[in-house]
Amino acid sequence: MERSVNVTVVYYSSTGTIHRLASEIAETAEKHGAEVRLVRAAELAPESVWRSRPTWAAHLEETADVPIASVDDVLWADAVVFGTPTRFGNVSSQLKQFIDTLGPAWFSGLLADKVYSAFTSGGSLHGGMETTLVSIYNMVCHFGGIIVPPGGNLNPYGTSHVLGADNVPVDEIALQAAQIQAERVVRVARALKEV
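All values reported here derive from a predicted model rather than from experimental measurement. (Residues numbered from 1 in each chain as written. Predicted model: local features only at pLDDT ≥ 70, side-chain atom pairs only at ≥ 80, totals over all residues. Heavy atoms only, no water.)

(A) Spatial organisation of unusual backbone geometry. Its identity as a non-glycine residue notwithstanding, Phe88 has a phi of 55°, on the positive side. In this structure, Phe88 sits in the loop between strand S3 (79–85) and helix H5 (93–100). A relative accessible area of 88% places Phe88 in the exposed class. A positive phi angle, near 50°, is found at Asn167, a position not held by glycine. Mapped onto the fold, Asn167 is located in the loop between strand S6 (160–162) and helix H8 (172–193). (Helix = DSSP H or I, 4+ residues; strand = E, 2+ residues; numbered from the N terminus. Buried < 20%, exposed > 50% of the residue type's maximum accessible area, 1.4 Å probe, protein only.)

(B) Region of interest: the nonpolar core. Counting 29 residues, the largest nonpolar core has Val10, Phe82, Leu95, Phe98 and Ile136 as the members making the most contacts within it. Of all elements in the fold, only helix H3 (54–62), S3, H5, strand S4 (115–122) and helix H7 (129–143) reach the threshold of two or more residues within this core. Per-element accounting of this core gives the leading share, six residues, to H7. Ignoring anything within four residues of it in the chain, the contact list for Phe98 reads Val10, Ala41, Ala69, Ser70, Val71, Val74 and Phe82. Ranked by size, the runner-up nonpolar core spans 26 residues in total, among them Ala79, Val115, Phe119 and Ala174. (Core = buried A, V, L, I, M, F, W, Y, C linked by side-chain atoms within 4.5 Å. Contact = heavy atoms within 4.5 Å.)

(C) Seen up close, H7. An ideal rise of 1.5 Å per residue puts 21 Å on 15 residues; H7 measures up with 22 Å between its terminal C-alpha atoms. Taken as a whole, H7 has its buried residues at Met129, Thr132, Leu133, Ser135, Ile136, Tyr137, Met139, Val140 and Phe143. Positive backbone phi, at 80°, marks Gly144, one or two positions downstream of H7. (Expected span 1.5 Å × (residues − 1).)

(D) Geometry of the environment of Thr17. Looking at the element boundaries, Thr17 is found in helix H1 (residues 17–31). Distance in space between the C-alpha atoms of Thr17 and Val162 is 9.6 Å, their sequence separation being 145 residues. Setting aside anything within four residues of it in sequence, one finds Thr17 in contact with Ser121, His161, Leu163 and Val170.

(E) Fine view of H1. Taking 1.5 Å of rise per residue, the 15 residues of H1 would be expected to cover 21 Å, and the 22 Å separating its terminal C-alpha atoms lies within 8% of that figure. Burial runs high along H1: eleven of the 15 residues are buried. Those residues of H1 lying buried are Thr17, Ile18, His19, Leu21, Ala22, Ser23, Glu24, Ile25, Ala26, Thr28 and Ala29. Backbone geometry just after H1 places Gly33 at a positive phi near 90°.

(F) Region of interest: the pattern of salt bridges. Enumeration according to the criterion identifies eight salt bridges in this entry. Linking Arg20 and Glu24 is a salt bridge whose minimum nitrogen-to-oxygen distance equals 3.1 Å. With Arg20 and Glu24 both in helix H1, this residue pair falls four residues apart, about one helical turn. Given a relative accessible area of 33%, Arg20 falls into the partly exposed group. For Glu24, a relative accessible area of 8% corresponds to the buried category. A salt bridge links Glu61 to Arg51; the nearest nitrogen and oxygen atoms lie 3.4 Å apart. With Glu61 in helix H3 and Arg51 in helix H2 (residues 47–51), the pair connects residues that are ten residues apart, well separated along the chain. The exposure class assigned to Glu61 is exposed, which follows from its relative accessible area of 52%. (Salt bridge = Lys/Arg side-chain N within 4 Å of Asp/Glu carboxyl O.)

As structure tokens, then:
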């Protein structure tokens with residue numbers, strides 16, 4: 001009998017792209033027998049800023065029922081999947097602020113030996129998506145975590161989606177990549193539990 005694994009998907013999304021990918025990863029992990037927590041990083045931008053952008057405000061209202069991520073969500077997990085839009089080739093401040101709250105858990109050795117993976121989106125094809133994912137993996141190395149990228153011939157570092165100037169919705173290629181990544185995360189986390 002396959003052992004169940006706990007997967008936490010922690011994401012930040014301002015307009016919905018990363019939320020869509022996070023949902024696909026969470027649903028796929030559940031289909032492969034994982035217990036899943038889908039949680040979001042808290043919004044840090046002032047209300048006057050996000051209210052001035054209708055798509056941002058609408059997305060925050062649409063996802064108000066998604067729980068805010070806590071350290072416990074990471075401690076509970078056998079595998080953690082981080083999602084963030086790229087911000088100048090780096091992690092969004094919202095997700096980074098959440099990751100910074102993991103310091104005491106890291107210091108106590110509680111983040112080691114877990115599976116970690118990441119996904120992202122960006123405005124242009126070479127807009128820093130790979131460096132965003134590598135930035136997350138740099139932090140995972142400090143945790144003592146086990147990095148599980150999807151590999152393959154799309155973005156081997158993690159699922160990514162290019163919005164472009166037209167804000168192209170998440171397409172089937174990105175959704176398939178998310179499914180492959182989620183299945184691999186569950187499979188590797190399960191194998192590690194059986195060792």
